[in-house]
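# Coordinate inspection notes
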Amino acid sequence: MKTWTLSAALRQWGTFLGLLAIVLFFAWRLPETFPTAQNFLNISQQISMLAVVAFTMTIVMVMNDFDLSVGSTASLAGIVAAALFAAGQPVWVGVSAALAVGLLGGAFNGFLVAYIGILPFIATLGTLTMFSGAAFMVSDGKTIFGRDIPAEFAGFARFGIPLDAIGLDGAKLPLMTIAAVIVLLVVWLLLEQTTFGRRLYAIGGNRVAAELAGINTRRLRLIAFGLTGLGAAVAGLMYASRVASANPTQGAGLMLDAIAAVFLGMTMGREGEPRVLATLVGVLILGILDNGLTQMNVDSYVREVLIGAIVVSAVAISAVGQRRT
Amino acid sequence: MQTLRFQGLTKAYGGVPALSDVTLSLSCGRVHALMGENGAGKSTLIKLIAGVVAADQMTVLRDGAVVPLRTAAEATKAGFRFIHQELNIVPQLSVAENVLLGHPAPHRFGAFIDWRSLEDRAASALAFLGAEHIDVRQQAGAMATGDRMLTRIASALVADAGAAEPCLYVFDEPTAALTVTESTKLFDVIARLKERGAAVLYVSHRMNEVLQICDDVTVLRDGRHVLTTQIAKTSSAEIIEAMTGKPVSDTIPGRTAPVRQRIACRLTTLTTRDLSGLDLSLAQGEILGVAGLDQGGQTAFLRLILGQGRIQKGLLEVLGGRAPKSPEQAWARGIAYVPRERRSQGLMLGMGVRPNTLFPHLGDYGFLAQKRSEVARTRTLADQVRLRFQGTEQPVGQLSGGNQQKVLFARAIAKNPKLLLLEEPTRGVDVGARAEIHGLIRTLSNSGTAVILASSDLVELCGLADRILILQGGRQVAVVDRQAMTPADLLSRIYAPEAV
C-alpha cells in the first residue's frame, strides 16, 4: 500500500532533521563562532578526508559488503608517497604509486571476497593487519616529515580558491573540500546514473538472483572493492598533505567513522539501502558534532561517548520505525 | 472434542479489510481444505487463529464453549499447531533438539539436559509419523527437505505436560517445497493425525492434492467466505469458479504451431559432477519437460545449460555454439532462466518492478542509465505478462506470489529468448495466474522459443511438454513422449523408472 504518512516521512527524513537540529543547536549556543562562513569552510576541510573514505565505502556497502581495511590502506598510501618523496622522486610519481597501492590493495580485498569466497569481515580484517604491517615496514616504523615532504605536496592542503568575489573577504574554499566534492560527484554518477551502479544495487538486493540473471557478480565486486581502496588512498594522501608528514597509523581512525557515516545515511533509504548523498548527511553529522562540541570545550572522551550514542540511537530509531511499517 | 468453530473472523489493516466476517467450522477426524487466490485472506485467517495478529473480531468455540485466543501462547495452550511452508529448523542443532525446540527440555538434577530422555521423546514423536529412518542425533541441516518437514511436524506433535493434547493442525502450503515422494509421505502423516482424532486445516493451491486428501473445503475470495462443502459433493471446476469468481478452464492451451527444424540444444553422452548419461536434443519451439524425484538433478540440469556446471565428459551444444561458461554469457546469447525459489533466487524484494525486470538487460542502455525508456519498456513487458501492480517503482516484495512470478517472466522474455529455462514456474501461484503463465509459455513456444520446463506439477508437465525427460539421481533414465501420457502414467514412471 502506498500511502504517505507522517511517520514514514519522519523515518525517512528523521536523520536529516537531526542534522538540522544539530546545526541550530550549535548556532544557538555558539552564535559568535559557529554559524560563520569561515567555520563552515573549516568544517568542510576537516571532514574532507572522512568524506572521501565514506563516499567510496558506500560503493561496497551498496552490495551489502564492507571494508575494514580502509584506514590502514590510507596510512599505507600516505607512507608509500612519503617514502618515494624521501627517495627523491617527483610528486607525481609518489602520488601515482600511492593511488596504485590503494587500487591494488582494494582489488586484493575484492579478489579474496568474490573469487575465494571469504566473508568481507574476515578478509578485510586480515588485510587491515597486512596493510598496517606493510606501512610500518616501508617507513621503518618512523614518521616521515620535514624536508622529505615536498612543499608543493604539502601545499595542496593549504591552498584554496579565494572567495573575495562573492563577498567573503579573506576566506578561501579549500582544495581539500573541492577534492571531496569531486569524489562525491563521481561516486554519485557511478552509483545512481550508470549501469555499473545499478548492477551493484541489484547485487545488494539479492546476490544469488543477480548471479543467476546473468550479472557477473564476481568481477563487479572486485572492481567495487578496488574503488573503495582507491578512495582510501586518496584520503591517505589528503591526510599526509594536511599534516605535511606521514606515519604508519595516521589513517586508523577513518574506518569506524566512515562505516558509521554510511550507517547513518542508510537510515534515510526507503529500504534501508545506502545512497551516497545520504552518506554525505552522515558525514556532516559526525563532522559538525565534532566541530561544535570541540568549540564548546566538551571533553574529548565525553565527545566520543556522545557521538557513539547519537549514531546508535539514529540507527535504532530507524530500525524500530522500519519494523512498524 | 468434536467440533471447533471460528466465528465472525474480521480483520482490517489500516482501514483495508483483509477478512470480513468469515466463519469456519472444523470437525475432528476430518481434513478441511482452505482455498483461495493469493490475497483472498488465507494467510490473515491463519495468523488470527494462531494468535500472531490480533483480530478485530473473532469468537472461538470448542464444542460450543468459548476458548480464549488472543496470543500465540493461548493458541498453543488450546492445542493448535501450525506447520508453515518455510521450514523453520535450526540447521546447527540436532534433530532431537529441533523436535523439542520451544518445549521445556527434560533435565537431570535440575541443571543438566537429560539428553537420553530428550532423544527418546523426539524419536517417539518421529516414530508416530512413520519416520523411524531419521537419526535424531544428526545435525538437522544435513537432512533433505522432506525429512525437515517431518521434523517440524514431529515438533508440533510434542505435547507438554499440563497443556492440552494437540487438537488442530494447520498446514500452510506444506507441499510447496516438497517433491512427489515427500508429499506422499506427508499425506500418510496427515492420515495418521486424522485417525488420531485431530482436526486438520489444509491450505494449498494444488487442486489435485485437495481433491485427494481433504474431506471438506472452504473457499475465500477477497476476504469473504464464498463456499463450504464436502469434497465428495463438489468438483474442481466448482472450486475454481468459487475462487476466481468466474468460470476458468483448468485446461492448458495446446500447441498451435509446429516444432521447428532447427536444434536449440543438443547433449551427447554428457556427464558432470551431478548429472550423467544425458543424451538428447531439443528443437526450437519444443517444450521439454523435466521430471524426477527428490533433488533428482533437475536444478543441476537447468543450471548446466545456464553455464554453471563443469562438463566432465561428452558434448553440450547450445544455440549452434558451445555451452555458455557463465550465466552472464548465457543471458547474452538469448538463454533466459526463471529459478526455482523466486524470493531467494529470483527477486530483489526491496527493489521496484523496473529494476527487477530489467537488470539482466541493463547493457542495452549503454553506460548511463535512461530512466524514461526503462519505464516504458517495463510497462510494455508488464502488459505482456498481465502483471497487476501499482507502478513501475513499487517494490516487488509487496506483490502477490503470482505477480512476483510474472515479474520473473517479464524479465525472461524481455529480449525474446531463444531458449527459456523454467523451474517450478507456477509454484505457490493462484489458479488465475497459473493459467496466464501457462498461456504465456505456450505463446512463446509457438513463436519458436525452445523451453525446458522442470516441474513437480505433473498436470502442468503433461499439459505443456512435448517430451518429458525423467531424471533419477541426476541420471537420464528415459525421455518419454507426451502423447497419451496422463499424470498418473508419469507418476508411475517417476516412481519406478526402470520397471517400464
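Fair warning: this is a prediction, and the values are worked out from it, not measured in the lab. (Residues numbered from 1 in each chain as written. Chains lettered and ligands numbered in written order. Predicted model: local features only at pLDDT ≥ 70, side-chain atom pairs only at ≥ 80, totals over all residues. Heavy atoms only, no water.)

## A few points about the overall build of chain A
Helix and strand counts for chain A stand at 14 helices and four strands. Here the C-alpha radius of gyration of chain A, 20 Å, is about what a compact globule of 325 residues would show, namely 20 Å. Put simply, 76% of the contacts in chain A that link residues at least 6 apart link residues at least 24 apart. Here chain A contributes 19 positive and 16 negative side-chain charges, whose respective centroids are spaced 9 Å apart. (Helix = DSSP H or I, 4+ residues; strand = E, 2+ residues; numbered from the N terminus. Rg over C-alpha atoms; globule rule 2.2 N^0.38 Å. Contact = heavy atoms within 4.5 Å. Lys, Arg positive; Asp, Glu negative; His and termini not counted. Charge placed at Lys NZ, Arg CZ, Asp CG, Glu CD.)

## Here we look at the overall build of chain B
Scanning chain B for helices and strands turns up 17 helices and 22 strands. For a compact globule of 500 residues, the expected C-alpha radius of gyration is about 23 Å, and chain B comes in at 24 Å, within 12% of that figure. Within chain B, the proportion of its 500 residues that are buried is 55%. Of the contacts formed within chain B by residues at least 6 apart in sequence, a portion of 67% connects residues at least 24 apart. For chain B, the exposed area adds up to about 21100 Å²; of that, 50% sits on carbon and sulfur atoms. (Buried < 20%, exposed > 50% of the residue type's maximum accessible area, 1.4 Å probe, protein only. Areas by Shrake-Rupley, 256 points an atom, 1.4 Å probe, with all protein chains shown as cover.)

## Remarks on the packing of aromatic side chains
Residues and elements named next belong to chain A. Evaluated as defined, the whole model comprises ten aromatic pairs over all chains. Relative to Phe-26, the ring of Phe-25 has its centre 5.5 Å away and its plane inclined at 65 degrees; by these criteria the two rings are edge-to-face. Phe-25 sits in the partly exposed class, given a relative accessible area of 36%. Centroid distance Phe-111 to Tyr-115: 6.0 Å. Interplanar angle 20 degrees. Geometry classified as stacked. Note that Phe-111 and Tyr-115 are positioned in helix H5 (residues 91-116) at a spacing of four residues, about one turn of the helix. Residue classification places Tyr-115 among the partly exposed residues on the basis of a relative accessible area of 35%. (Phe/Tyr/Trp six-rings, centres within 6.5 Å; stacked < 30°, edge-to-face > 60°.)

## Some points on the interface of chain A and chain B
Across the contact, 25 residues belong to chain A and 33 residues belong to chain B. Both faces combined, the contact of chain A with chain B buries some 2300 Å², and carbon together with sulfur accounts for 56% of it. Close ionic contact of Glu374(B) with Arg198(A) constitutes a salt bridge, the shortest N to O distance being 2.8 Å. Applying the counting criterion to the chain A and chain B interface returns seven residue pairs in polar contact (both at pLDDT 80 or more). Every element with two or more residues in the side of chain A that touches chain B is listed here: helix H8 (175-193), helix H9 (195-205) and helix H10 (207-212) of chain A. Grouping the amino acids of the side of chain A that touches chain B by side-chain chemistry returns eleven nonpolar, seven polar and seven charged. (Buried area = accessible area lost by both parts, 1.4 Å probe. Salt bridge = Lys/Arg side-chain N within 4 Å of Asp/Glu carboxyl O. Polar contact = N/O pair within 3.5 Å; in protein donor to acceptor, adjacent residues only side chain to side chain. Nonpolar A, V, L, I, M, F, W, Y, C, P; charged D, E, K, R; others polar.)

## Regarding the pairing of strand S11 (residues 216-221) of chain B
Looking along a regular strand, one sees the side chains alternate between the two faces of the sheet. Residue and element names in this part refer to chain B. Of all six residues in S11, five are buried, a share of seventy percent or more. The pairing of strand S3 (residues 31-35) with S11 spans four bridges and is classified as parallel. Bridging across to S11, Leu-34 finds its partner in Thr-218. Summarising the sheet, S11 and strand S12 (residues 224-230) pair through six bridges and their orientation is antiparallel. Considered in S12, the bridge of Leu-220 is made with His-225. (Pairing = 2+ DSSP bridges.)

## What to know about the side chain of Arg198(A)
Within the secondary structure layout, Arg198(A) lies in helix H9. The class for Arg198(A) is buried, based on a relative accessible area of 15%. With residues up to four places along the chain from it excluded, the contact list for Arg198(A) reads Leu191(A), Arg354(B), Leu362(B), Ala369(B) and Glu374(B).

## Let's talk about the sheet that holds strand S20 (residues 450-454) of chain B
To summarise the sheet geometry, strands pair through backbone hydrogen bonds and adopt either a parallel or an antiparallel arrangement. Residues and elements named next belong to chain B. As summarised here, the arrangement of the six strands in space is S18-S19-S20-S15-S21-S22, forming an open sheet in which the pairing is mixed. Of all the strands in the sheet, just strand S18 (335-338) and strand S22 (475-481) have a single pairing partner and so form its edges. Taking each pair of neighbouring strands and ignoring which way they run, the sheet shows an average axis angle of 20 degrees. Bridge count between S18 and strand S19 (residues 419-423): four bridges; the pairing is parallel. Opposite Ala-336, over in S19, you have Leu-420 as the bridge partner. (Axes fitted to C-alpha atoms, helices over the stretch in contact; angles between N-to-C directions.)

## Regarding helix H14 (residues 401-413) of chain B
The terminal C-alpha atoms of H14(B), which comprises 13 residues, lie 19 Å apart, in line with the 18 Å expected from a rise of 1.5 Å per residue. Counting buried residues along H14(B), 13 of its 13 residues qualify, which places the element largely inside the surrounding structure. (Expected span 1.5 Å × (residues − 1).)

## What to know about the nonpolar core
Judged by nonpolar contacts, the single largest core of 151 residues is most densely connected at Leu200(A), Cys265(B), Phe301(B), Leu419(B), Leu421(B), Ile452(B) and Leu490(B). At eleven residues, helix H3 (residues 48-61) of chain A tops the list of elements feeding residues into this core. If you look at the next biggest cluster of nonpolar residues, it comprises 50 residues, including Ala96(B), Leu186(B), Cys214(B) and Val431(B). (Core = buried A, V, L, I, M, F, W, Y, C linked by side-chain atoms within 4.5 Å.)

## Focus: the side chain of Arg411(B)
Structurally, Arg411(B) is set in helix H14. Notably, Arg411(B) is buried but unbridged: the nearest opposite-charge side chain belongs to Glu423(B), and the N-O separation is 12 Å. With near-sequence residues (within four places) excluded, Arg411(B) lies in contact with Ala213(A), Trp331(B), Gly346(B), Leu347(B), Asn356(B), Thr357(B), Phe359(B), Pro360(B) and His361(B).

The analysis is restricted to geometry; functional conclusions fall outside its scope.
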